[in-house]
Amino acid sequence: MMKAFSGLRIALAVLAIIYILIPLIVVIPASFTSANYPSFPADGFSLQWYTKILERPEFLEAFFNSAKFAALAALFSVIFGTLGALGIAKYDIPGKSYITALLTSPLSVPQLVLGIALLMYFTPMMLAGTSTGFLIAHIVICIPYVMRLVLTGLSGFDYNLERAAAILGANPATVFLKVTLPLIGSAAISGGLFAFLTSFDNVTVSLFMVSPEMRTLPIEIFSQMQDAYNPIVASVSSVVIFISVLLIIILEKIQGVGKVFGGSHHTNG
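Rules behind the numbers
Residue positions are counted from 1 within each chain, in the order its sequence is given. Selection of residues for local features in this predicted model requires a pLDDT of at least 70, selection of side-chain atom pairs for listing and counting requires 80 or more, and totals for whole chains, interfaces and linings are taken over all residues. The side-chain quantities take in all heavy atoms of the structure and omit both hydrogens and water. UniProt positions are given in the numbering used here, feature names are shortened, and annotations may be inferred rather than shown by experiment. Where helices and strands are cited, they refer to DSSP runs of H or I of at least four residues and of E of at least two residues respectively, numbered from the N terminus. Any carboxyl oxygen of Asp or Glu within 4 Å of a side-chain nitrogen of Lys or Arg constitutes a salt bridge here. Each residue gets one of three labels from its accessible area relative to the maximum for its type: buried under 20%, exposed over 50%, partly exposed in between, using a 1.4 Å probe on protein chains only. How sure the predictor is of each residue is captured by pLDDT, a score from 0 to 100. Residue contacts are defined here by distance: any two heavy atoms, one from each residue, within 4.5 Å place the two residues in contact. Expected span of a helix, by definition, is 1.5 Å for each gap between consecutive residues, and there is one gap fewer than residues. Fitting axes to the seven residues ending at a residue and to the seven starting there, one defines the bend at that residue as the angle between these axes. Working definition: rings of Phe, Tyr and Trp (its six-membered ring) pair if their centres are within 6.5 Å, and the pair is stacked with planes under 30 degrees apart, edge-to-face with planes over 60 apart, and tilted otherwise. Each ring is checked for a lysine NZ or an arginine CZ that lies within 6 Å of its centre and within 35 degrees of its normal; such an atom marks a charge sitting over the ring. What counts as an axis is a line fitted to C-alpha atoms, over the stretch in contact for a helix, and the angles between N-to-C directions run from 0 to 180 degrees. Any angle from 65 to 115 degrees is called roughly perpendicular, while one under 35 is roughly parallel, one over 145 is roughly antiparallel, and all others are oblique. In this scheme the crossing of two helices becomes right-handed for a clockwise turn of the near helix relative to the far one and left-handed for an anticlockwise turn of less than a right angle. Polarity classes work like this: nonpolar for Ala, Val, Leu, Ile, Met, Phe, Trp, Tyr, Cys and Pro, charged for Asp, Glu, Lys and Arg, and polar for all others, with Gly in that last group.

An unreviewed UniProt entry lists the protein chain under the name ABC transporter permease, with Peribacillus muralis given as the organism. If you open the UniProt record of the protein chain and go to Sequence similarities (unreviewed entry), you find "Belongs to the binding-protein-dependent transport system permease family."

This is the structure we're talking about:
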């Protein structure tokens, strides 16, 4: 009975993986077609649709917009997320569990609901459709990943090292820079990579925040697919997939993807 249950569980896991990979299995080969129309399996092999990306300024501008906002969102998310995780892990703050739940809530709230909520909140503040509002929205959805990873990194942190450095005369800034930061650095970097990836390929929240003059790559892909699907859309989508896979591989090497979603146990200093 246990063997049958185990076999069923493995079969369901394999089916789930196949279901998740179906878009990749279709989109990537279609991007290499030599035909002038989308085809799967690909009709011949050609890199023409990748070279044509360079001839489309809207895609290039959207790519640089995505990279710029993703880098800024990752930077601020690492700063705020790391400081937040340190405060939660080290200090006995009243309502700590509620604060943690609030700061990590974007992980559990549907992106559609979050996008509508941010739009309603930003509109009276004149931030809707602005670069500032867009960046703040992306920081909101990226911070939880940084916090989760840094909290995981702090779960095995030896606070005696900080105390020893302080006893030896190091000021708080030196303790943080020379002791704390090197020990949680890999977790913070991993959080930054995941934050970059989350911002770079976000569609749902971005749809509520962008303006006609400010386009990101996922939004441009979405817009092009509404007009007419052609192989260049598949090639641009494949570029996004390649970048995402590369960042996930780097993240796995540094920290481990599972730790982003795994629980984190932390103790007070």
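Here the narrative resumes.
Asks: Could you clarify how one ought to interpret the UniProt feature "transmembrane region" (unreviewed entry) in the protein chain in this entry?
Replies: Taken from the UniProt record, the annotation "transmembrane region" (unreviewed entry) applies to residues 12-32, 69-89, 101-122, 134-154, 175-197 and 232-251. This span, residues 175-197, is 100% helix and 0% strand, and a straight line between its end C-alpha atoms measures 31 Å. What you have in residues 232-251 is 100% helix and 0% strand, and the ends, taken at the C-alpha atoms, are 29 Å apart.

Asks: When you look at the pattern of salt bridges in this model, what are you seeing that I'm missing?
Replies: Here the structure, examined in full by the defined rule, presents 3 salt bridges. The closest approach of N and O atoms between Glu162 and Lys90, which form a salt bridge, is 3.1 Å. With Glu162 in helix α7 (residues 160-167) and Lys90 in helix α3 (residues 57-90), this pair connects stretches of sequence that are 72 residues apart. When its relative accessible area of 9% is taken as the criterion, Glu162 is described as buried. A salt bridge links Glu220 to Arg215, with the shortest nitrogen-to-oxygen separation between them at 3.3 Å. By relative accessible area, which is 26% here, Arg215 ends up partly exposed.

Asks: It is not clear to me how the confidence of the model for the protein chain should be interpreted in this structure. Could you clarify?
Replies: As a general rule, the predicted coordinates of low-pLDDT regions are not to be interpreted in detail. Residues of the protein chain with pLDDT of at least 70 account for 91%, and the chain-wide mean is 81. By mean pLDDT, helix α12 (residues 258-261) is the weakest element of the protein chain at 54, and α3 is the strongest at 90. Under a pLDDT of 50 for its full length, residues 263-269 has, in the predicted model, 23 contacts with residues more than four places off or in other chains.

Asks: Just checking my understanding: could you explain helix α8 (residues 172-200) for this structure?
Replies: Along an α-helix, residues three or four apart share an orientation, since each turn contains 3.6 residues. Its 29 residues give α8 an end-to-end C-alpha distance of only 35 Å, which falls more than 12% under 42 Å, the value for a rise of 1.5 Å per residue. When the local axis directions of α8 are compared, the greatest deviation, roughly 60°, occurs at Leu181, which is followed within four positions by the proline Pro182.

Asks: Got a minute to help me understand the packing of aromatic side chains in this structure?
Replies: Each aromatic ring pair is summarised here by two numbers: the centre-to-centre distance and the angle between the ring planes. Across all of its chains, the model carries 8 aromatic pairs by this definition. For the ring pair Phe32 and Tyr50, a centre distance of 5.1 Å and an interplane angle of 35° mean the geometry is tilted. Here Phe32, found in the loop between α1 (2-30) and α2 (48-51), pairs with Tyr50, found in helix α2; they are 18 residues apart in sequence, far enough to count as distant. Taking the ring centre of Trp49 as reference, the NZ or CZ of Lys52 above it sits at 4.4 Å.

Asks: Help me understand the packing of α8 against helix α11 (residues 231-254) in this model?
Replies: Between two packed helices, both the angle of their axes relative to each other and the distance between the axes serve to describe the pair. α11 packs onto α8 with a crossing angle of 165° between their chain directions and a minimal axis gap of 10 Å. Regarding the angle of α8 to α11, the classification is roughly antiparallel. Considering how the two elements wind past one another, α8 and α11 form a crossing that is left-handed. In this structure, α8 uses Ser186, Ile189, Ser190, Leu193, Phe194, Phe196, Leu197 and Phe200 to contact α11, whose residues at the interface are Val240, Ile243, Ser244, Leu247, Ile248, Ile250, Leu251 and Ile254. In the contact of α8 with α11, the residues fall into 13 nonpolar, 3 polar and no charged.

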